[in-house]
Amino acid sequence: MRTNPNIVITGTPGVGKTTHAELLARNTGLKHLPINQVAKEHDCHEDWDEELQTWIVDEDKLLDALEPLVAPGGCILDWHACDLFPQRWVDLVVVIRCDSTTLFDRLTARGYSGKKLDENMDAEIMQMLLEEAKEGYDEEIVVELYSEVAEDVEQNVERVEQWIEAWKKAKNEERA
Ligand code: DAT
């Protein structure tokens, strides 16, 4: 049984996943796994999608690479998708959300344009990641948090820290 939870932080690119994951890792000692980086390090990038200017990932290979990292618990999985992670790995799914005007500014600042910008804007407006999370996992473990200004990050991370404490307490009681 895990003594530390595995937490998925997901959402449309630009909503603030990495910002949250880094602060949460710093405050809790959980391990931040930026999945893009893991995919790159384990050679899981299959192909380059020219139109969307993004890598296509070999998901089976990625899951094989992740399994030994995630199995002991205590990981923060930071990615713009969530449904590929097996339910048994995941204790909490945090879906970061953001107002579309804010997101537009963040993505254009990052150099996104054309179809890549449009698709990501649509994904956020249609709350695709929230739906994906709710479909993939027990709704009780899915939380939606907004990230517009810096204080939001601190408050959100604090909420997740409280959740982690409650999770640990419940696990200790189960074990006793
Ligand atoms: P993601 O990992 O979801 O792509 P990020 O953490 O890299 O997002 O954040 C994208 C940009 O937006 C980055 O410049 C930091 C900024 N940002 C994110 N959340 C923010 C917030 N709540 N307040 C101010 N800036 C934020």
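Here the structure is shown first, and the text comes after it.
Let us look at the structure shown here. Since the model is a prediction, treat every value here as computed from it, not as a measurement.

Cut-offs and rules
- Residues numbered from 1 in each chain as written.
- Predicted model: local features only at pLDDT ≥ 70, side-chain atom pairs only at ≥ 80, totals over all residues.
- Heavy atoms only, no water.
- Axes fitted to C-alpha atoms, helices over the stretch in contact; angles between N-to-C directions.
- Helix = DSSP H or I, 4+ residues; strand = E, 2+ residues; numbered from the N terminus.
- Parallel < 35°, antiparallel > 145°, perpendicular 65-115°, else oblique.
- Left-handed = near helix turned anticlockwise from the far one by under 90°.
- Contact = heavy atoms within 4.5 Å.
- Nonpolar A, V, L, I, M, F, W, Y, C, P; charged D, E, K, R; others polar.
- Polar contact = N/O pair within 3.5 Å; in protein donor to acceptor, adjacent residues only side chain to side chain.
- Pairing = 2+ DSSP bridges.

Examining the packing of helix 4 (residues 100-109) against helix 5 (residues 114-125)
Packing of helix 4 against helix 5 leaves a shortest axis separation of 10 Å and a crossing angle of 155°. As the angle between them shows, helix 4 and helix 5 are arranged roughly antiparallel. Crossing angle aside, the handedness with which helix 4 passes helix 5 is right-handed. Residues Ser100, Leu103, Phe104, Leu107 and Thr108 of helix 4 form the contact with helix 5, whose own contacting residues are Leu117, Asn120, Met121, Glu124 and Ile125. Looking at side-chain class alone, the contact of helix 4 with helix 5 contains 6 nonpolar, 3 polar and 1 charged residues.

Description of helix 4
The distance from a side-chain oxygen at the start of helix 4 to the backbone nitrogen of threonine 101 is 3.1 Å, and the residue carrying that oxygen is aspartate 99. Just downstream of helix 4, glycine 111 is the residue with a positive phi angle, here 90°.

Thoughts on the environment of aspartate 152
As for its position among the elements, aspartate 152 is in helix 7 (residues 150-175). Note: C-alpha distance between aspartate 152 and glutamate 119 (33 residues apart in sequence) is 25 Å. Ignoring sequence-local partners within four residues, the contact set of aspartate 152 consists of His20, Tyr146 and Ser147. A distance of 2.8 Å separates a polar side-chain atom of aspartate 152 from the backbone nitrogen of glutamate 148.

Quick word on the sheet that holds strand 2 (residues 31-34)
What the 5 strands build is an open sheet, ordered 2-5-1-6-7; its pairing is parallel. Whereas interior strands pair on both sides, the edge strands pair on one side only; in this sheet they are strand 2 and strand 7 (142-146). Pairs of neighbouring strands in the sheet enclose a mean axial angle of 20°, with direction left out of account. The pairing of strand 1 (residues 7-10) with strand 6 (residues 92-97) spans 4 bridges and is parallel. When the sheet's bridge partners are listed, isoleucine 9 is paired in strand 6 with valine 94. Running over the sheet, helix 1 (residues 17-28) touches strand 1, strand 2, strand 5 (75-79) and strand 6 and is turned about 170° from strand 5. Contacting strand 1, strand 6 and strand 7, helix 6 (residues 128-136) runs over the sheet at an angle of about 165° to strand 6.

Shape is all these values report; function is a separate question.
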